[in-house]
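Residue-level listing of the chains:
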Amino acid sequence: MPSDAELIGRSLRGDTDAFVEVIGRHEAAIGNYLARRVGRQAAEDVLGDVWVAAYESRATYDGSYPEARPWLYGVALNRLRRHWRSEPVEQPASDLTRMAGDWDPWPAVDARVDMQAQLRRALARLKPEEREVLGLVAWEDLTVAEAGRVLDIPAGTARRLLHQARKTLREAPEVAALLRVPTT
């Protein structure tokens, strides 16, 4: 089976089906990455932009890396940033108390929402670059070196950012509450 680098090289020589194969290999991973950041609906639109941008910039791909996934995450991150800049500022929700009423059929949902809110607060303590490295390593299953490639930073810097993110999360009271461990 040819590597992604070989397929991209073939696509540069006119074999458009070769790039379609690269897309097929990574479409689910890149689509899930986008969905976790902007929701399923918006992710579908952004994903199309990612494939167009990747195809148009495939000549810049460093063929010394056999797998294109980290490069594609970098393209996706750039498209996400463009998407976020183009989004209008969200309006606050209208009176939600009317929708909720006096009846709450799902008390377990409240606990789950509280847990998610605590996790979001803990993640909000991280610097944006720490959050990105953590997300790429933890959720996208990239190595620290690959996360560095995505973010265009040295692997050592990515390792430092991941270490700092983990340290910050370990010390966050929200995480201790989630794990029910006493904070020090």
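Look up a bit, the structure's there.
In this text the structure is predicted, and so the values were computed from the model without any measurement.

A. Spatial organisation of the overall build of the protein chain. The helix and strand tally for the protein chain stands at 10 helices and zero strands. Reading the protein chain from its N terminus to its C terminus gives the helix and strand order α-α-α-α-α-α-α-α-α-α. For the protein chain, buried positions account for 37% of its 184 residues. Carbon and sulfur atoms make up 54% of the accessible area of the protein chain, which amounts to about 11,900 Å² in all.

B. Main features of the pattern of salt bridges. Tallied over the entire structure, the rule returns six salt bridges. Of the charged contacts, one joins Glu21 and Arg25 as a salt bridge, the two residues approaching to 3.1 Å between their closest N and O atoms. Here the residue Glu21 and the residue Arg25 both occupy positions in helix α2 (residues 16–38), the gap between them amounting to four residues, near one helical turn. The closest approach of N and O atoms between Glu140 and Arg37, which form a salt bridge, is 3.5 Å. With Glu140 in the loop between α7 (128–138) and α8 (144–151) and Arg37 in helix α2, this residue pair connects regions lying 103 residues apart in the sequence. Overlapping salt bridges, with partners in common, bring together Asp4, Glu21 and Arg25 in one network.

C. Quick peek at the nonpolar core. If you look at the biggest cluster of nonpolar residues, it comprises 45 residues, and the most contacted ones within it are Ile30, Tyr33, Leu34, Val50, Trp71, Leu72 and Leu136. Breaking this core down by element, the ones donating at least two residues are α1 (4–12), α2, α3 (40–56), α4 (69–86), α6 (107–124), α7, α8 and α9 (155–171). Here the element with the most residues in this core is α2; it accounts for eight residues. Both domains that furnish three or more residues to this core are identified here as domain 1 (1–90) and domain 2 (92–183). Setting aside its immediate chain neighbours within four residues, Ile30 contacts Leu47, Val50, Trp51, Arg69, Leu72, Tyr73 and Ala76.

D. Structural detail: the side chain of Arg37. In terms of polar contacts, Arg37 uses its side chain to reach the backbone carbonyl oxygen of Tyr33, at 3.2 Å. Aside from chain neighbours lying at most four places away, what touches Arg37 is Leu80, Trp84, Glu132, Gly135 and Glu140.

Calculation criteria
- Residues numbered from 1 in each chain as written.
- Predicted model: local features only at pLDDT ≥ 70, side-chain atom pairs only at ≥ 80, totals over all residues.
- Heavy atoms only, no water.
- Helix = DSSP H or I, 4+ residues; strand = E, 2+ residues; numbered from the N terminus.
- Buried < 20%, exposed > 50% of the residue type's maximum accessible area, 1.4 Å probe, protein only.
- Areas by Shrake-Rupley, 256 points an atom, 1.4 Å probe, with all protein chains shown as cover.
- Salt bridge = Lys/Arg side-chain N within 4 Å of Asp/Glu carboxyl O.
- Core = buried A, V, L, I, M, F, W, Y, C linked by side-chain atoms within 4.5 Å.
- Domains from an automatic or database assignment.
- Contact = heavy atoms within 4.5 Å.
- Polar contact = N/O pair within 3.5 Å; in protein donor to acceptor, adjacent residues only side chain to side chain.

Keep in mind that these numbers describe shape and distance, not what the molecule does.
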